[in-house]
Amino acid sequence: MGCLGSDSMELTVNPMPVVDLGIDTTICIGENVVLNALNSGFSYNWNTGEASQTIDISATGIYGVVVNDAIVFFT
């Protein structure tokens, strides 16, 4: 008799989140813009340090966000 081994693995590929903060915008002093990273229920990492789906901004700058579905399994 010989030895026998087997294994299986399931791989699920999640689609990339769609992120669109809109076009470059100009506002006047005293006004603000709300940026929305969309993808409700995901995790958000704005270059401002905020971690919410939306941010309210009124200062000149370049704003960016990383959206993550936070589904990672390692065994």
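One structure accompanies this document, and this report is about it.

About the thresholds
Residue numbering note: each chain is counted from 1, following its sequence as written. A pLDDT threshold of at least 70 governs which residues receive local features in this predicted model, and a stricter bar of 80 or more applies before side-chain atom pairs are shown or counted, although totals over entire chains, interfaces and linings include all residues. Computation of side-chain values: all heavy atoms of the structure, hydrogens and water removed. Per the convention used, a helix needs a DSSP run of H or I reaching at least four residues, while a strand needs a run of E reaching at least two, with both numbered from the N terminus. To sort residues, take the accessible area from a 1.4 Å probe on protein chains only and compare it with the maximum for the residue type: under 20% means buried, over 50% means exposed, and anything in between is partly exposed. Think of a polar contact as two N or O atoms within 3.5 Å of one another; within protein, one of them needs to be a possible hydrogen donor and the other a possible acceptor, and neighboring residues in sequence only count if both atoms come from side chains. When checking whether two residues touch, look at their non-hydrogen atoms; a contact exists if any pair is within 4.5 Å. The rule for pairing is simple: two strands pair if DSSP sees at least two bridges between them. In the cavity and pocket records, a cavity denotes points on a 1 Å grid over the protein atoms alone where a 1.4 Å probe fits but cannot get out, a pocket denotes an open set with protein on both sides within 12 Å along at least 5 of 7 lines, and lining residues are residues with an atom within 4 Å of a point. Grid points are joined across faces, edges and corners, and a volume is the space filled by probe spheres set on the points. Residues are grouped as follows: nonpolar covers Ala, Val, Leu, Ile, Met, Phe, Trp, Tyr, Cys and Pro; charged covers Asp, Glu, Lys and Arg; every other residue, Gly included, is treated as polar. Patches were defined on residues exceeding 30% relative accessible area and lacking a salt bridge, with like-charge contacts within 9 Å and nonpolar side-chain contacts (Val, Leu, Ile, Met, Phe, Trp, Tyr) within 5 Å. Per-residue accessibility takes into account occlusion by the displayed protein chains alone, with areas from the Shrake-Rupley method and a 1.4 Å probe. The working definition used for a salt bridge is a side-chain nitrogen of Lys or Arg within 4 Å of a carboxyl oxygen of Asp or Glu.

Moving on, we get to the side chain of N39. On the secondary structure map, N39 appears in the loop between strand 1 (33-36) and strand 2 (43-46). A residue is classified by how much of its surface remains accessible, and N39, at 18% relative accessible area, is buried. Separated by 3.1 Å, the side chain of N39 and the backbone oxygen of A37 make a polar contact. Setting aside residues no more than four positions away along its own chain, N39 makes contact with P17, V18, V19, Y44 and V67.

Once that is clear, we can look at the pairing of strand 4 (residues 65-68). Alternating positions in strand 4 separate cleanly, V65 and V67 being buried on one face and V66 and N68 remaining unburied on the opposite face. Both strand 2 and strand 4 contribute to a ladder of four bridges, which runs antiparallel. Paired with W46 across the strands is V65, a residue of strand 4.

Here we take up the layout of surface pockets. The calculated volume of the largest pocket comes to roughly 490 Å³. D24, T25, I57, G61 and Y63 are the residues nearest the centre of the largest pocket, which is lined by 20 residues in total. Among the residues making up the lining of the largest pocket, the classes are represented as 11 nonpolar, seven polar and two charged.

Before going further, it helps to spend a moment on a nonpolar patch on the surface. The grouping of M9, L11 and V13 at the surface amounts to a nonpolar patch, some 400 Å² of accessible area in total. With respect to the secondary-structure elements, M9 resides in the segment before strand 1.

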